[in-house]
Amino acid sequence: MTQRVRLRALAAALAGSTALLAAGPLAAQDGPIKIGVLEDQSGDFAAATNVKVNAIQLATDEINAAGGIAGRPVELVIYDTQSDNRRYQEFMRRVLQQDEVDVVFAGFSSASREAYRPIVNQFDGLAFYNNQYEGGVCDANMIVTGAVPEQQFSTLIPWMMETYGPNVYTLAADYNFGQISAEWVRQIVEENGGTMVGEEFIPLGVSQFSQSIQNIQGSEADFVVTLLVGAAQASYYEQAASADVGLPMASSVNVGQGYEHKRFTPPSLADMHVTTNYIEEIDTPESQAFVEKFRAAYPDEPYINQEAANSYIAMNLYKQLVERAGTTEHDAIRGVIAEGDVCFDGPSGTVCLDPKSQHMSHTIFLAKVEDDHSISFPKVWEDIAPYWLGDAGCDLTQDDPSAQYTPSNPPPAN
Amino acid sequence: MELFATIFAMTYQFGDAFAFLVISCAGLAVIFGMMGIINLAHGEFIMCGAYVTAASARAGLPLPLAILCGALVAGIVGMAIERTVVRHLYHRPLDSIIATWGISLIATQGVLIVLGSTMQGIGTPLGSITVGDRSYSAYRLVLMAAAIGLLVGLYLLFYHTRFGVIARATIQRPQMARALGVDTRRIYGLTFGLGAALAGLAGGLYAPTMTMVPTMGSTFIVESFVTVVVGGADIFVGAAPAAAILAVIKASLTAWYGQLFGQIGLLVAVIIVIRVLPGGLSAWLKRSKQ
């Protein structure tokens, strides 16, 4: 073998290996789109969140049956976060670093969201939070499909005050969700000329409410705002009913999440009023079609709640974003959101993503629990935008503070 | 009348806290306090009792019978676990912690997988009573009576029956009891089963007032361990006064500063008791008697 031939062989080998290297990323572009799913499939929150995983699976099956996202199949990477914030951090690192997913669908409690959000920021990932919450997250790495206080409280609280009276007692879970939601309630009650006659924060995991019930009875409350979270705190309704508190209740989390009206014996949840963007009782053709195909796929599903609908919508929104962007690159996806016309006709009607906050518009249903625990809908607010963050000065198309704001801690004025 | 209503309200809160502490700790007092086994599956025995109670009540059994049913099943499960696992771990407290913790994890996750994330509740019976301008759950008064009945019943069982004498002898001096012809293995099994049945009874009694989920036992755990630790080794001398003192602390702090401070007060009380009276209230009471 001459020197020249040997050189040529070497060059060919090198060329071959660079071709292989170049083929690597190309192959990844054609391979499946990987979606991380971090939800509480066991522990205190499991009752409300197992259904989210099934909803994501349902949407995935439909998308794959119709040819995938831009021709690429969807592959789910599912971890059980066990209602434990540390698990969220651990698994968020794992899906972003080791499994290298394109997007993550994660989180039930606001504590868990705030636990994983810095990690999503650190690795510049993209996460969908498909839960109603206390609002205010202005973070370009997050897309929120759940309802927020201007959709749930600005509708509910004035309606309740008009219907039942101006004196309000709040019973809230003692962590960021309950504290910030209670702040919203307080502000809206004051704006509407009402009075907060009591406010009490309950540590997560507490299940005995005799003293709180006595405090409520001793106050002049016209209705009680219950922002209780988790299975243990749900014991309140049974205990309040057996002590014959008899006051109407208002909430942003009950029924629509934990289907308490199905789990407890009537009439313990009678006169509970909840603003929600979806529950299975909603009597529209889109909702009925959704319930039908959900039950066909998961006949044993105890209840199809608002988080199930939001998770299903989120999958379809992501499909649209990737197909319009032509890539899973986050900057390109944000570019599509900035166009301001990302909408989806889902189980809860038409919803659209707001470019400034990356939150979603919702039609809000006021669900009232009757004495026999059937649901009626005394009022519907059509198509409410998630306006607060944008009005307050959060604009993710301009810059990304990656912060959470509250009424008492709004975005800094520019 | 106003004064009476206020006094009733305070007594009711105290009684409610007292009943919760006594009922949730009774099973643990037998298994941990008497037998010295650190049983981290205590909450799961409670959950077992609650689930069986709810299932049999929904199947048409009257509630008192359903509660007994729950206690019975929890007791049988407890005896089976004693026979298969715990029996080999007497005098190995650290190993028994790991083993019972494992049982607790298996039970919680197993129930979640087999029966789903929730079970429909059965509703609180008996309605409410009105005193002054406040109304109270009548079933909670039944729970208070049950707590006192439980203490009296256990006292009679352990101090005035043959089984009680043999059980105490077996646990305090096993060699001597064996020398006198007692089948100590059987007594250990029965005593553990009794503890598990008492935990099941707690679950059954509270089942109508709570959310039925696989993790429901964990809401009893802190209160029951705190009561048993404060009470000390002798449950009959220790547990009742411990529950009474802790109930006063918890009810008054909760009334004045809210639930969070009630919880903090409970835990601070344990820290102080462990520091000042390492043997718990019962050791201190016995010493001051002598």
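Conventions we followed
Residues numbered from 1 in each chain as written. Chains lettered and ligands numbered in written order. Predicted model: local features only at pLDDT ≥ 70, side-chain atom pairs only at ≥ 80, totals over all residues. Heavy atoms only, no water. Helix = DSSP H or I, 4+ residues; strand = E, 2+ residues; numbered from the N terminus. Expected span 1.5 Å × (residues − 1). Buried < 20%, exposed > 50% of the residue type's maximum accessible area, 1.4 Å probe, protein only. Phe/Tyr/Trp six-rings, centres within 6.5 Å; stacked < 30°, edge-to-face > 60°. Lys NZ or Arg CZ within 6 Å of the ring centre and 35° of its normal. Domains from an automatic or database assignment. Contact = heavy atoms within 4.5 Å. Polar contact = N/O pair within 3.5 Å; in protein donor to acceptor, adjacent residues only side chain to side chain. Nonpolar A, V, L, I, M, F, W, Y, C, P; charged D, E, K, R; others polar. Patch = residues over 30% accessible without salt bridge, like charges linked within 9 Å, V, L, I, M, F, W, Y side chains within 5 Å. Areas by Shrake-Rupley, 256 points an atom, 1.4 Å probe, with all protein chains shown as cover. Salt bridge = Lys/Arg side-chain N within 4 Å of Asp/Glu carboxyl O. Buried area = accessible area lost by both parts, 1.4 Å probe. Disulfide = S-S within 2.5 Å. Core = buried A, V, L, I, M, F, W, Y, C linked by side-chain atoms within 4.5 Å. Pairing = 2+ DSSP bridges. Axes fitted to C-alpha atoms, helices over the stretch in contact; angles between N-to-C directions.

1. Let's talk about helix 2 (residues 46–65) of chain A
Residue and element names in this part refer to chain A. With 20 residues, helix 2 extends 29 Å from end C-alpha to end C-alpha; this agrees with the ideal 28 Å at 1.5 Å per step. Counting buried residues in helix 2 gives 14 out of 20 residues, a clear majority hidden from the surface. Among the residues trailing helix 2, Gly67 stands out with phi positive, at a value near 105 degrees.

2. Side note on the environment of Arg275 of chain B
Examined against the element boundaries, Arg275 of chain B turns out to sit in helix 11 (residues 259–276). For the pair Arg275 of chain B and Ile129 of chain B, spaced 146 residues apart in sequence, the C-alpha separation works out to 43 Å.

3. With respect to the packing of aromatic side chains
Tallied over the full model, the rule gives 31 aromatic pairs over all chains. Ring geometry for Phe45 of chain A versus Phe108 of chain A: centroids 5.1 Å apart, planes at 45 degrees, classification tilted. Of this pair, Phe45 of chain A sits in the loop between strand 1 (33–39) and helix 2 while Phe108 of chain A sits in the loop between strand 3 (103–106) and helix 4 (110–122); the two residues are 63 residues apart in sequence, bridging distant segments of the chain. Each member of the pair, Phe45 of chain A as well as Phe108 of chain A, carries the same accessibility label: buried. Judged by centre distance (5.2 Å) and plane angle (85 degrees), the rings of Phe20 of chain B and Tyr206 of chain B are edge-to-face. Here Phe20 of chain B is found in helix 1 (residues 2–34), whereas its partner Tyr206 of chain B is found in helix 8 (residues 184–206), with 186 residues between them in sequence. There is no split in this pair, since Phe20 of chain B and Tyr206 of chain B are both buried. A cation over an aromatic ring shows up here: Arg113 of chain A above the ring of Tyr129 of chain A, its NZ or CZ 4.9 Å from the ring centre. The side chain of Arg168 of chain B reaches across the aromatic face of Tyr159 of chain B, ending 4.1 Å from its centre.

4. Some remarks on the domain arrangement of chain A
Residue and element names in this part refer to chain A. Parsing chain A into structural domains produces domain 1 (30–147 + 282–363 + 384–404) and domain 2 (150–276). Domain 1 and domain 2 are separated by 27 Å when their C-alpha centres are compared. Contact with domain 1, which involves 31 residues of that partner, is made by 26 residues of domain 2. Taken together, domain 1 and domain 2 are joined by twelve residue pairs in polar contact (both at pLDDT 80 or more). Contributions of two or more residues to the side of domain 1 that touches domain 2 are made by helix 2, helix 4, helix 12 (306–325), strand 14 (362–369) and helix 14 (387–392). When its residues are assigned to classes, the side of domain 1 that touches domain 2 shows 16 nonpolar, eleven polar and four charged.

5. Here's the deal with a nonpolar patch on the surface
Residues and elements named next belong to chain B. On the surface, Trp256, Tyr257, Leu260, Phe261, Ile264, Val268, Ile272 and Val276 cluster together to form a nonpolar patch covering roughly 840 Å² of accessible area. Sorting the residues of the nonpolar patch by element identifies helix 10 (235–257) and helix 11 as the ones contributing at least two each. Ranked by residue count, the leading element in the nonpolar patch is helix 11, at six residues. Val268 gets classed as partly exposed once you look at its relative accessible area, which sits at 39%.

6. So, unusual backbone geometry
All names here are of chain A. Between Pro266 and Pro267 the backbone carries a cis peptide bond, its omega angle lying at 0 degrees. Considering the arrangement of structural elements, one finds Pro267 in the loop between helix 10 (260–263) and strand 11 (272–276). Phi at Gln82 takes a positive value of approximately 55 degrees, unusual for a residue other than glycine. With respect to the helices, strands and loops of the structure, Gln82 is situated in the loop between strand 2 (74–80) and helix 3 (85–98). On the basis of relative accessible area, Gln82 is assigned to the partly exposed category, the value being 36%. Positive phi outside glycine occurs at Val255, with the angle close to 65 degrees.

7. Points about the interface of chain A and chain B
If you look at the interface, chain A gives 37 residues, while chain B gives 36 residues. In total, about 2800 Å² of surface goes out of reach between chain A and chain B, with carbon and sulfur atoms giving 49% of it. Along the contact surface separating chain A from chain B lie zero salt bridges. The interface formed by chain A and chain B contains nine residue pairs in polar contact (both at pLDDT 80 or more). Where the side of chain A that touches chain B is concerned, the elements lending two or more residues are helix 2, strand 8 (195–202), helix 7 (210–218), helix 8 (230–233), helix 9 (235–242) and helix 10 of chain A.

8. Side note on the state of the cysteines
Residue and element names in this part refer to chain A. Per the counting criterion, the structure on display carries two disulfides over all chains. A disulfide bridge connects Cys138 with Cys394, and the sulfur atoms are separated by 2.1 Å. Between Cys138 and Cys394 the sulfur-sulfur dihedral comes to about 90 degrees; the bridge is accordingly right-handed. Here Cys394 lies in the loop between helix 14 and strand 16 (403–404) and Cys138 lies in strand 5 (residues 137–138), a separation of 256 residues in the sequence. Looking at Cys138, the relative accessible area reads 0%, which means it is buried.

9. Points about the pattern of salt bridges
Residue and element names in this part refer to chain A. Counted by the stated rule, this structure contains 20 salt bridges over all chains. The partner of Lys293 in a salt bridge is Glu62, and the shortest N-O contact between them spans 3.3 Å. Taken together, the positions of Lys293 in helix 11 (residues 285–297) and Glu62 in helix 2 put the pair 231 residues apart, joining distant regions of the chain. Among the salt bridges present, the one from Arg87 reaches Glu90, with a minimum N-O distance of 3.1 Å. You can see Arg87 and its partner Glu90 sitting in helix 3, three residues apart, about one turn around the helix.

10. Some details on the nonpolar core
The biggest cluster of nonpolar side chains holds 85 residues, and the ones touching the most others in it are Ile23, Tyr206, Met212, Met216 and Val230 of chain B. The element best represented in this core is helix 1 of chain B, accounting for 17 residues. Other than its neighbours up to four places away in sequence, Met216 of chain B contacts Met47, Ala50, Tyr51, Met210 and Thr211 of chain B. Core analysis: the second largest hydrophobic core is formed by 72 residues, Ile213, Leu269, Met272 and Phe294 of chain A among them.

11. Concerning the pairing of strand 15 (residues 375–384) of chain A
All names here are of chain A. Relative to strand 15, strand 14 runs antiparallel, the two sharing six bridges. Paired with Phe365 across the bridge in strand 15 is Val380. Hairpin connection between strand 14 and strand 15: a loop of five residues separates the two successive antiparallel strands, and His373 in this loop has a positive phi of roughly 70 degrees.

12. A short note on the sheet that holds strand 4 (residues 127–129) of chain A
All names here are of chain A. Strand order across the open sheet formed by five strands is 2-1-3-4-6, with parallel pairing between neighbours. In this open sheet, the two strands that pair with only one neighbour each are strand 2 and strand 6 (142–144). When strand polarity is set aside, the average angle formed by the axes of neighbouring strands in this sheet is 25 degrees. Note: strand 4 against strand 6, three bridges, orientation parallel. In the sheet register, Phe128 faces strand 6, and the bridge partner there is Ile143. Contacts between helix 3 and the sheet are confined to strand 1, strand 2 and strand 3, with strand 1 contributing the most and set at about 175 degrees to the helix.

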